[in-house]
Structures are given as C-alpha cells and as structure tokens.
Amino acid sequence: MKSLSIIIPVFNEYKTLKKILNKILKLKIKKQIIVIDDGSTDGSSNILKKYKKKIDKIILHQKNCGKGSAIISAKKYINCKYVIIQDADLEYDPVDILKIFNYAYKNKLHVLYGSRVLNKNKFQNTENFTHLIRIWGNSFLTFVSNIINNQKLTDAHTCYKLFRSDLFKKINLKEKGFAFCPEITTKISNKNIKIHEIPINYKGRTYQEGKKISSIDAIEALLCLFRYKKF
C-alpha cells in the first residue's frame, strides 16, 4: 500500500509550526502524521491543540529530551509502509516529501535521503546553509561517515530520511539528541543496505532565527559514527 508515516519533532517552533502542519496536511498521499512536542515552552503545544482532530497522534514530552528522543517516542506508533522525518521549522519544503516518497516507491528502495547539496554549486550551498562553517562541518562529517559506513552520500545529516517502516522499526535507536542522524546511518550501513539520495530544496535558518544545532552536536555526531560501527 502507498502510505507514509510522517514524524514531526517539535521544540519551540511557534513561529513556523502552523505553516508546516498546513503544508503536511495538504500533501496528496495517504499519510499518518505523528507530532512530538518535546517540552516546548513557547506556546507550540497550544497550536497543536487546535490540530488535534487533524493529526493522527500527538505525543507530549514533559521536558526537552532531544530530537532523537522524540523520534524514539514516535516509533511504536508507525503504521504505514514508509516513514520519513520532518523538522518543524521551514528549512525543508514538505513538497519534497512527495518527490522522495514516489522515488523510493517506484524504485523499491529501503532507504532514501533527501540531499541538501546534491546537484547544487558552491554558491547555492553557501546561500542555503547561511554560514561557511556549517557547510564545511557537514561536508567533513559526511566524508567521515562515508569512509566508516562505506556509503557515497553527499549529505549524511539531512533531516529528510525515508525508510521502509519494517526496517526502521528493527533499528534499536538510543541517541536522544541530533546524533540520531549518524546513529541511524551507521546502523543501516551495518546491515549492508545502500542509502540512496535525491536532491531537495533547502533554506537554512540562522541561529538568530532559531537554529538549534551547535558545534557540540557536531563533535557528538563524530563520536557516534565510531560508537555504533561494527568494524
């Protein structure tokens, strides 16, 4: 069956949450929407209350535990053939979800990532990522990830990661923060499954606009790659 579970972790995204939810709801696909409010304090939970009849599952964390923790909480409720992660900000365009899903479905893929850098030139990447350090950091982490995991990715830390649900449910996730990304990539690679990519749209936020990931998360991501690799 052509169906897709969409997991949306939320932490203090009051300014963008309503727009994201409306875009997701308009997607013309049979879908299950799972939203996790990860201890928001800015009123995001009040927006979710207005959508409770439109969202299949709303999970409330009493305190902020991290993106990975939110995904772990949602995992047991997945009931569609495929699952994808959607951040609650406006960095990623939900229209690309259909492109990712249709490509994976047509080509019978188990894993497909939406790459922010694939088929884009250096100017476009500089403009989209808003800061050179973020570009270099992402490139370095992806380079290390490819060596360790024997993959050929251009963007290992993209939010848009789509999986066959039966595969995703078998992965024992442990990371509570942003290290979910290197963890899932490494554990998928440990199963000798090739991760495919297609290009997506991306418009990065600045830290003033609410960007949350930091250099500490990058260090943790690097450590995580080695932590879960079965050499």
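Visitor: Quick question: what am I supposed to make of the overall build of the protein chain here?
Guide: Tallying secondary structure elements over the protein chain gives 9 helices and 7 strands in all. Residues counted as buried form 52% of the 231 residues belonging to the protein chain. Across the protein chain, contacts joining residues at least 24 apart in sequence account for 77% of those joining residues at least 6 apart. Taken as a whole, the protein chain presents about 11900 Å² of accessible surface, with 55% of it coming from carbon and sulfur.

Visitor: Got a minute to help me understand the packing of aromatic side chains in this structure?
Guide: For any pair of aromatic rings, geometry is given as the distance between the ring centres together with the angle between the planes. Applying the stated rule across the entire model yields 7 aromatic pairs. The rings of Tyr82, Phe101 and Tyr105 are connected pair by pair, giving a single aromatic cluster. Lying across the ring of Tyr202, Arg116 places its NZ or CZ 5.0 Å from the centre.

Visitor: Can you help me understand the sheet that holds strand β2 (residues 30-38) in this one?
Guide: Each strand in a sheet pairs with another by means of backbone hydrogen bonds, the pair being arranged parallel or else antiparallel. The strand order across the open sheet formed by 7 strands is β3-β2-β1-β4-β6-β5-β7, and the pairing between neighbours is mixed. With one partner strand each, in any of the chains shown, β3 (57-61) and β7 (196-199) form the two edges of the open sheet. Adjacent strand axes in the sheet meet at a mean angle of 20° when their direction is disregarded. Here strand β5 (residues 111-115) pairs with strand β6 (residues 161-164) via 3 bridges, running antiparallel.

The rules behind each value
- Residues numbered from 1 in each chain as written.
- Predicted model: local features only at pLDDT ≥ 70, side-chain atom pairs only at ≥ 80, totals over all residues.
- Heavy atoms only, no water.
- Helix = DSSP H or I, 4+ residues; strand = E, 2+ residues; numbered from the N terminus.
- Buried < 20%, exposed > 50% of the residue type's maximum accessible area, 1.4 Å probe, protein only.
- Contact = heavy atoms within 4.5 Å.
- Areas by Shrake-Rupley, 256 points an atom, 1.4 Å probe, with all protein chains shown as cover.
- Phe/Tyr/Trp six-rings, centres within 6.5 Å; stacked < 30°, edge-to-face > 60°.
- Lys NZ or Arg CZ within 6 Å of the ring centre and 35° of its normal.
- Pairing = 2+ DSSP bridges.
- Axes fitted to C-alpha atoms, helices over the stretch in contact; angles between N-to-C directions.

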